[in-house]
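So you can see what is in the structure, the chains are spelled out below.
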Amino acid sequence: MNILITGGTGLIGKHLTQLLLSKGHKVSLLSREKVNVPDVKVYLWDTEKGLIDDDALKNTDYIIHLAGAGIADKRWTDKRKQEIIDSRVKPIQLLNKHLKEQKIKLKAFISASATGYYGGDTGEARLDENSPAGNDFLATCTKIWEEEAEKFTQAERVVSLRTGIVLSEKGGALAQLIKPVKMGIGSPLGTGKQWMSWIHIDDMCQLYLQAVEDEKMQGAYNAVAPDPVRNEEITRVAAGVLKKPLWAPNVPAFVLKLLFGEMSVVVLGGSYIKNKRVSEELSFSYQFTSIKEALEDLLK
């Protein structure tokens, strides 16, 4: 299949590109700047100016939309919040518009989403795809994001993968978590009791592959491993795998709030997300179902 990826130079995009190529699919990328990726055609676009290389869309069967400004890259001002939303929504609008103008119909539009749909901090509640959206910024952003994807008229089906914390040895949340652990000063954040709904990057990319190949997939799925863990547990397991001690006191919540403001919910908040639709509706086999297995694979 001919698969076009937005955000293909990011953490998931790089990994996914190699997986798709290994399965015999033809992959091309949309990028704001020219980059060189072996065996991949790179096309330019500018979502702010509404520009896109029309050749990028020709003969395209699927689009995987991963583009979006990093949630935790900058402090959340009102301007930054709007940038985060626009960076996810405007590309969808632009792609749909140009596909319509070129009279191209896709087999599927597969969009990243986030477990933030349910809110940044949902306590002890067990949540699945039938649970309602939250009402904080993360939930509002994700809800707008998914609603725009659902309006994608130029595809036979639309899939949104509500991604949890993606664990990879090459960056993302895990890299930040293990920095202090490697220095021997790792400790849980805040109370350490907040739930972390995680997924190994290999399983994340396999879910995207299945969304391409499984014509029954439609709508939103929670892209998380079956066994969420608390922040203190993932910190303890990471220290054990790396054979490092844990620093006794937790990092106080007020310190993180002073440093990050409203954005501190990303590390202090948590949600217990169940992979109900993945486990009940799909014939999907996780490679990593326990946090110990995942961290041993990534850190050793």
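Residues numbered from 1 in each chain as written. Predicted model: local features only at pLDDT ≥ 70, side-chain atom pairs only at ≥ 80, totals over all residues. Heavy atoms only, no water.

Caption draft 1: How the structure looks around the overall build of the protein chain. Of the regular secondary structure elements, the protein chain holds ten helices and 14 strands. Relative to its length of 300 residues, the protein chain is compact, with a C-alpha radius of gyration of 19 Å against a globular reference of 19 Å. Structurally, the protein chain occupies a C-alpha span of about 60 × 40 × 40 Å along its principal axes. Per-residue burial over the protein chain gives 53% buried out of 300 residues. Within the protein chain, residue pairs in contact and separated by at least 24 positions form 78% of the contacts whose partners lie at least 6 positions apart. For the protein chain, the exposed surface amounts to about 14,300 Å²; the carbon and sulfur share of it is 51%. Side chains of the protein chain give 40 positive and 38 negative charges; the mean places of these two sets differ by 3 Å. (Helix = DSSP H or I, 4+ residues; strand = E, 2+ residues; numbered from the N terminus. Rg over C-alpha atoms; globule rule 2.2 N^0.38 Å. Buried < 20%, exposed > 50% of the residue type's maximum accessible area, 1.4 Å probe, protein only. Contact = heavy atoms within 4.5 Å. Areas by Shrake-Rupley, 256 points an atom, 1.4 Å probe, with all protein chains shown as cover. Lys, Arg positive; Asp, Glu negative; His and termini not counted. Charge placed at Lys NZ, Arg CZ, Asp CG, Glu CD.)

Caption draft 2: Here's a closer look at the packing of helix H1 (residues 11–22) against helix H5 (residues 201–213). Between H1 and H5, the shortest axis-to-axis distance is 9 Å and the interhelical angle comes to 60°. Taken together, the axes of H1 and H5 lie oblique to each other. Along this stretch, H1 crosses H5, giving a crossing that reads as right-handed. Here Leu11, Ile12, His15, Leu16, Leu19 and Leu20 of H1 lie close against H5, whose contacting residues are Ile201, Asp202, Met204, Cys205, Gln206, Tyr208 and Leu209. The residue makeup of the contact of H1 with H5, split by class, is ten nonpolar, two polar and one charged. (Axes fitted to C-alpha atoms, helices over the stretch in contact; angles between N-to-C directions. Parallel < 35°, antiparallel > 145°, perpendicular 65-115°, else oblique. Left-handed = near helix turned anticlockwise from the far one by under 90°. Nonpolar A, V, L, I, M, F, W, Y, C, P; charged D, E, K, R; others polar.)

Caption draft 3: Just the UniProt feature "domain: NAD-dependent epimerase/dehydratase" (unreviewed entry) in the protein chain, in detail. UniProt records the feature "domain: NAD-dependent epimerase/dehydratase" (unreviewed entry) for residues 3–222 in the present numbering. Between the first and last C-alpha atoms of residues 3–222 the distance is 22 Å; the span itself is 34% helix and 22% strand. (UniProt positions renumbered as here; feature names shortened; annotations may be inferred.)

Caption draft 4: Looking closely at the sheet that holds strand E1 (residues 2–6). Here we have eight strands laid out as an open sheet, ordered E4-E3-E2-E1-E5-E6-E8-E12, and mixed in their pairing. Of all the strands in the sheet, just strand E4 (51–52) and strand E12 (219–223) have a single pairing partner and so form its edges. Judged from the six bridges that link them, strand E6 (residues 108–114) and strand E8 (residues 158–163) form a sheet pairing that is parallel. In the sheet register, Phe109 faces E8, and the bridge partner there is Val158. On the sheet, helix H2 (residues 78–101) packs against E1, strand E2 (26–31), strand E3 (41–46), E4, strand E5 (62–65) and E6 and is oriented at approximately 165° with respect to E5. Across the sheet, H5 is in contact with E1, E5, E6, E8 and E12; its angle to E8 comes to roughly 170°. (Pairing = 2+ DSSP bridges.)

Caption draft 5: Representation of H1 in the model. Taking 1.5 Å per residue as the helical rise, H1 with its twelve residues ought to reach 16 Å, and the 18 Å between its terminal C-alpha atoms agrees with that figure. Those residues of H1 that fall on the buried side of the exposure criterion are Ile12, Gly13, Leu16, Thr17, Leu19 and Leu20. Looking at the buried residues of H1, the elements they touch are E1, E2, E5, strand E9 (165–167) and H5. Gly24 occupies a position one or two residues after H1 and carries a positive phi of about 90°. (Expected span 1.5 Å × (residues − 1).)

Caption draft 6: Representation of the side chain of Asn275. With respect to the helices and strands, the residue Asn275 is situated in the loop between strand E14 (272–273) and helix H9 (276–281). In this structure the side chain of Asn275 is engaged in a polar contact, spanning 2.9 Å, whose partner is the side chain of Tyr286. (Polar contact = N/O pair within 3.5 Å; in protein donor to acceptor, adjacent residues only side chain to side chain.)

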